[in-house]
Amino acid sequence: MTQIISANESHLDELARLFNLYRIFYEQKDDLDRAYHFIKARLINQQSIIFVAEDAPNQLSGFVQLYPSFCSVSTIPILILYDLYVDQNHREEGIGRALMNQASKHAKDNGFKRLELSTAITNVIGQSLYESLNYERDEDFYHYALELED
């Protein structure tokens, strides 16, 4: 039976595998080493909150990663739900919904006032999940990014 639990260092190999697949989904190069070091740094430095769907000891089928932040306009603490991924062999089992529900529970239990996320325009399946959980699409703001060169 799958359970949603907080990630720890014992999950690193499996979590890195899933994180690498997540990055590939968003058209990044396959780079397991990079994925491993990035996710390890987030865990060790406690820079994000990661929940995993564990099917058996150290066998993961999905994860969600949250970054604490603030909304200056509303003057509230928020969580940025940046990453959600379910292994394609485990989709349509309710794992994505369970991870999203755990993220909401964690936010409420820890005084965060809002969860925010963005997703690819082409990620229709993800959008359907988010909207079924009462997330509202922002029609008032555009999202911009500036890539900074090394």
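Predicted model only: the values in this text are computed from it and were never measured. (Residues numbered from 1 in each chain as written. Predicted model: local features only at pLDDT ≥ 70, side-chain atom pairs only at ≥ 80, totals over all residues. Heavy atoms only, no water.)

Things to note about the overall build of the protein chain
Selection criterion: Numbering goes from the N terminus for both helices and strands, where a helix is a DSSP run of H or I of at least four residues and a strand is a run of E of at least two. The buried label applies to any residue whose accessible area, calculated with a 1.4 Å probe on protein chains only, is under 20% of its type's maximum; exposed applies above 50%, and partly exposed to all values in between. For every accessible area listed, the method is Shrake-Rupley and the probe measures 1.4 Å; residues are considered covered only by the protein chains on display. By the counting scheme adopted, Arg and Lys are positive, Glu and Asp are negative, and His together with the chain ends is not counted. A single reference atom marks each charge: NZ on Lys, CZ on Arg, CG on Asp, CD on Glu.
Check the secondary structure of the protein chain and you find four helices and five strands. Over its C-alpha atoms, taken along the principal directions, the protein chain stretches across nearly 40 × 40 × 30 Å. A buried classification covers 38% of the 150 residues belonging to the protein chain. Just so you have it, the protein chain exposes about 10300 Å², and 50% of that area is on carbon and sulfur atoms. Across the protein chain, the mean location of the 13 positive side-chain charges is 4 Å away from that of the 23 negative side-chain charges.

Points about the environment of leucine 32
Our working definition: The criterion used for residue contact is that any of the two residues' heavy atoms lie within 4.5 Å.
In this structure, leucine 32 sits in helix α2 (residues 32–44). Counting along the chain gives 22 residues from leucine 32 to serine 10, while the straight-line C-alpha distance between them is 17 Å. Those residues in contact with leucine 32 that lie beyond four places of it in its chain are Ala16, Arg17 and Asn20.

Overview of unusual backbone geometry
With a phi close to 50°, threonine 75 is a non-glycine residue in the positive phi region. Judged by its relative accessible area of 68%, threonine 75 is exposed. A positive phi is found at asparagine 134, a non-glycine position, where the angle reads about 75°. Its place among the elements puts asparagine 134 in the segment after α4 (124–132).

Digging into the packing of aromatic side chains
Condition: What counts as a ring pair is set by centres within 6.5 Å for rings of Phe, Tyr and Trp (its six-membered ring), and what kind of pair is set by the plane angle: stacked under 30 degrees, edge-to-face over 60, tilted for all other angles. Whether a charge lies above a ring is judged from NZ of Lys or CZ of Arg, which has to be within 6 Å of the ring centre and within 35 degrees of the ring normal.
Counted by the stated rule, this structure contains ten aromatic pairs. Ring centres 6.4 Å apart and planes at 75° place the aromatic pair tyrosine 22 and tyrosine 85 in the edge-to-face group. You can see tyrosine 22 sitting in helix α1 (residues 12–25) and its partner tyrosine 85 sitting in strand β4 (residues 76–86), a full 63 residues away along the chain. Exposure class is identical for tyrosine 22 and tyrosine 85. Each is buried. These aromatic residues form a ring-pair network of at least three members: Phe19, Tyr22, Phe25, Tyr26, Phe38, Phe63 and Tyr85. Residue placement shows arginine 42 over the ring face of phenylalanine 38; its charged tip is 4.4 Å from the ring centre.

What to know about the packing of α1 against α2
Any two packed helices are characterised by the angle at which their axes cross and by the distance between the axes. Short version of the rule: In this description, a line fitted to the C-alpha atoms serves as the axis of each element, helices being fitted only across the stretch in contact, and the angle between N-to-C directions of two axes falls anywhere from 0 to 180 degrees. Put simply, a crossing is left-handed when the front helix is turned counterclockwise from the back one by less than a right angle, and right-handed when it is turned clockwise. As a working rule, the residues Ala, Val, Leu, Ile, Met, Phe, Trp, Tyr, Cys and Pro are called nonpolar, Asp, Glu, Lys and Arg charged, and the rest polar, with Gly in that last group.
It is at 8 Å that the axes of α1 and α2 come closest, and there the two elements cross at 120°. Classified by chirality, the crossing of α2 by α1 is right-handed. Note on element contacts: α2 touches α1 through Leu32, Arg34, Ala35, Tyr36, Phe38, Ile39, Lys40 and Leu43, opposite Leu12, Asp13, Leu15, Ala16, Arg17, Phe19, Asn20 and Arg23. Grouping the constituent residues of the contact of α1 with α2 by class yields ten nonpolar, one polar and five charged.

Thoughts on the nonpolar core
The condition that has to hold: Side-chain atoms within 4.5 Å link the members of a nonpolar core, which is a set of buried Ala, Val, Leu, Ile, Met, Phe, Trp, Tyr and Cys residues.
The biggest cluster of nonpolar side chains holds 20 residues, and the ones touching the most others in it are Leu66, Leu81, Leu84, Met100 and Leu115. Contributions of two or more residues to this core are made by β2 (49–56), β3 (59–71), β4, α3 (95–109) and α4. A total of five residues in this core trace back to one element, the largest contributor, which is α3. Excluding residues that lie within four positions of it along the chain, leucine 115 makes contacts with Leu66, Leu79, Leu81, Ala103, Ser104, Ala107 and Tyr135. Leu15, Tyr22, Ile50 and Phe63 belong to the second-largest nonpolar core, a separate cluster that totals 15 residues.

Considerations on the sheet that holds strand β1 (residues 3–6)
As a reminder of what qualifies: Criterion used throughout: strands pair if DSSP finds at least two bridges between them.
Ordered in space as β1-β2-β3-β4-β5, the five strands form an open sheet in which the pairing is mixed. With one partner strand each, in any of the chains shown, β1 and β5 (114–116) form the two edges of the open sheet. Across the sheet, the axes of successive neighbouring strands diverge by a mean angle of 30°, strand direction being ignored. Where β1 meets β2, four bridges bridge the pair, whose relative direction is antiparallel. Residue pairing for β2: isoleucine 5 is matched across the bridge by valine 52. Of the strands in this sheet, β2, β3 and β4 touch α1, which is tilted by about 70° from β3.

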